[in-house]
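The lines below spell out each chain.
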Amino acid sequence: EDQERSLGDAARLSGYTTTVESVAYDGAGEVTVSVRVENRDDEPQPMSSTDWRLVSPGGHTYDAVSSTLPATGQVGDTPVVGDVVFQGDPLPAEAQGDFY
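In short, a report on the structure.

Calculation rules
Residues numbered from 1 in each chain as written. Predicted model: local features only at pLDDT ≥ 70, side-chain atom pairs only at ≥ 80, totals over all residues. Heavy atoms only, no water. Helix = DSSP H or I, 4+ residues; strand = E, 2+ residues; numbered from the N terminus. Buried < 20%, exposed > 50% of the residue type's maximum accessible area, 1.4 Å probe, protein only. Contact = heavy atoms within 4.5 Å. Polar contact = N/O pair within 3.5 Å; in protein donor to acceptor, adjacent residues only side chain to side chain. Core = buried A, V, L, I, M, F, W, Y, C linked by side-chain atoms within 4.5 Å.

Another aspect to go through is the environment of Gln-45. With respect to the secondary-structure elements, Gln-45 resides in strand β4 (residues 45-48). The buried category is assigned to Gln-45, whose relative accessible area is 10%. The spatial distance from the C-alpha of Gln-45 to the C-alpha of Gln-74 is 5.2 Å, given a sequence separation of 29 residues. Ignoring anything within four residues of it in the chain, the contact list for Gln-45 reads Ser-14, Gly-15, Tyr-16, Asn-39, Gly-73, Gln-74 and Val-75. Engagement of the side chain of Gln-45 in a polar contact is seen with the backbone oxygen of Gly-15, the distance being 3.5 Å.

Below is the structure:
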């Protein structure tokens with residue numbers, strides 16, 4: 001299930017805690033999101049770099065084009081951190097609204 005959080009606030013899903021630590025926009029449509037995934041359970045949990053989506057203020061959903069997170073793997077005692085990159089159309093300077 002999706003959960004809305006402000007930048008830096010943790011979202012708790014099942015046995016995971018995920019946090020968006022920073023976001024960078026290059027002005028040409030590329031958005032890089034730094035994320036942290038932590039396991040709260042006793043056993044390792046599966047995770048994938050394809051678990052992430054970016055949603056524009058108008059409701060358009062972008063899939064990740066690349067990631068430094070493991071393509072598939074597990075998160076155990078050690079948090080997993082990495083970047084997820086999305087590519088969209090360049091935003092006009094007057095564009096306003098929150099991305100999720």
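Back to the text.
With that settled, consider the nonpolar core. Ranked by internal contacts, the top residues of the largest apolar core, which has 14 residues, are Val-35, Trp-52, Leu-69, Val-75, Val-84 and Phe-86. Only β3 (30-39) and β8 (80-87) provide two or more residues apiece to this core. Take this core: its biggest share by element is four residues, from β3. Those residues in contact with Val-35, other than ones at most four positions away along the chain, are Thr-19, Val-20, Trp-52, Leu-69, Val-80, Val-81, Gly-82 and Val-84.

Right, let's get into the environment of Asp-77. As for its placement among the helices and strands, Asp-77 is situated in the loop between β7 (72-75) and β8. Take Asp-77: its relative accessible area is 78%, and that puts it in the exposed class. Once the C-alpha coordinates of Asp-77 and Pro-44 are considered, the two residues, 33 residues apart in sequence, prove to be 7.5 Å apart.

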